[in-house]
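# Analysis of the macromolecular model
If you want the building blocks of each chain, they are given just below.
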Amino acid sequence: MKIGIISSRLLMRRALRTLLQSLGDFEVTLEADSPDLNGRHPTLSGTDVLLVDVDPPAGDVALLSRIREQLAGPKLLLLTETSGEDFELLSLKAGCHGCVSFRSRPELVERILRTVGRGEVWVSRQAASHLVRQFISPEKENEGEPEKLTRREWEILGLIADGYRNKEIASRLFVSEHTIKTHLCNIYMKLHVTTRIGAALYFFHHTSREPSREDSLLYAKSA
């Protein structure tokens, strides 16, 4: 996976480069101290994910849309100190794929990069709660109770809500990926949803369980 790094802090750029190189299959294709809003970076072509250090976050929100337009192609992942729910939601609306804290563990950073590299979105618990409130409306609550899920379907739904992909779920449950896809179709029909986002939001709205991920939740863009 090809990664670009934009940060005004030299030590941050060097630390990220060292981390990515230690993971083996990451290649740093761009390293810059600031986004070039007057011209295109010649090495941007082919970059999968662009890590952008925004500090302080509130001062850079207005630039996110311009940066997104200027740096078209790669998925944008923002490096922040403390982003906050409002900033995070604004960044998603501006076209970014998520935010990652400087305090995150290296293994979490790796997982987020791989997630975003697949074209998916990584959001915090607070932002996810906001999305749940938007997704679950009084009208939807009155549409009628969904069909009852089996114990195995609830188990799979919980893993989906925690961000696991079909292949990972199949491995954990010792079944084929085709079996998981069949369960997913049944879950979608029973819950009256059409995407993994809808299924995940349903799960957290209708259960008291906290997400198992310590820092973030993963929502896939597509089924």
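Anyway, here's the lowdown on the structure attached to this text. Counting restarts for each chain: residues are numbered from 1 in the order of the written sequence. Confidence filtering applies because this is a predicted model: local features only for residues at pLDDT of at least 70, side-chain atom pairs given and counted only at 80 or more, and all residues used for totals across whole chains, interfaces and linings. Processing note: side-chain calculations cover all non-hydrogen atoms of the structure and skip hydrogens and water entirely.

Take a side-chain nitrogen of Lys or Arg and a carboxyl oxygen of Asp or Glu: if they are within 4 Å of each other, that pair is a salt bridge. What the rule picks out here adds up to eleven salt bridges. One salt bridge connects Glu31 with Arg13, and the closest N-O pair in it is separated by 3.4 Å. Taken together, the residues Glu31 in strand 2 (residues 27-32) and Arg13 in helix 1 (residues 10-22) connect sequence positions 18 residues apart. Judged by relative accessible area, which is 27%, Glu31 ranks as partly exposed. Runs of E in the DSSP output that reach at least two residues are strands. Runs of H or I that reach at least four are helices, and both are numbered from the N terminus. A 1.4 Å probe rolled over the protein chains alone gives each residue an accessible area, and that area as a share of the maximum for its type sets the label: buried under 20%, exposed over 50%, partly exposed in between.

Turning to the environment of Arg118, a few remarks are in order. Checked against the element boundaries, Arg118 lands in the loop between helix 4 (106-117) and strand 6 (121-124). For Arg118, a relative accessible area of 44% translates into the label partly exposed. Sequence spacing of Arg118 and Val49 is 69 residues, and the spatial spacing of their C-alpha atoms is 9.5 Å.

The next thing to look at is the packing of helix 7 (residues 151-161) against helix 10 (residues 196-206). Fitted lines through C-alpha atoms give the axes, limited to the stretch in contact for helices. The angle between two N-to-C directions lies from 0 to 180 degrees. The interhelical angle for the contact between helix 7 and helix 10, taken along N-to-C directions, is 105°, at an axis separation of 9 Å. Of the possible angle classes, the one that applies to helix 7 and helix 10 is roughly perpendicular. Where helix 7 approaches helix 10, its residues Trp154, Leu157, Gly158, Ile160 and Ala161 are matched on the opposing element by Arg196, Ala199, Ala200, Tyr202, Phe203 and Phe204. Asp, Glu, Lys and Arg are counted as charged, while Ala, Val, Leu, Ile, Met, Phe, Trp, Tyr, Cys and Pro are counted as nonpolar; the rest, among them Gly, fall into the polar class. The residue inventory of the contact of helix 7 with helix 10, partitioned by class, reads nine nonpolar, one polar and one charged. Should an angle fall under 35 degrees it is taken as roughly parallel, and over 145 as roughly antiparallel, whereas 65 to 115 is taken as roughly perpendicular and any remaining angle as oblique. Any two residues having at least one pair of non-hydrogen atoms within 4.5 Å are treated as being in contact.

The pairing of strand 1 (residues 2-6) with strand 2 spans five bridges and is parallel. Among the inter-strand pairings, Ile5 is bridged to a residue of strand 2, identified as Glu31. Seen with its strands pointing away from the viewer, a crossover is right-handed if its path from the first strand over the helix to the second goes clockwise. The β-α-β motif built from strand 1, the intervening helix 1 and the parallel element strand 2 has right-handed crossover chirality. For two strands to count as paired, DSSP must find a minimum of two bridges between them.

A few words now on the sheet that holds strand 2. The parallel open sheet is built from five strands, whose spatial order is 2-1-3-4-5. Two strands in the sheet have a free side with no partner beyond their single neighbour: strand 2 and strand 5 (99-101). Along the sheet, successive strands turn relative to each other by an average axial angle of 25°, direction set aside. In the sheet, strand 3 (residues 49-53) pairs with strand 4 (residues 75-80) via five bridges, with the strands oriented parallel. Among the inter-strand pairings, Val49 is bridged to a residue of strand 4, identified as Lys75.

Purely spatial values, then, with no claim about function.
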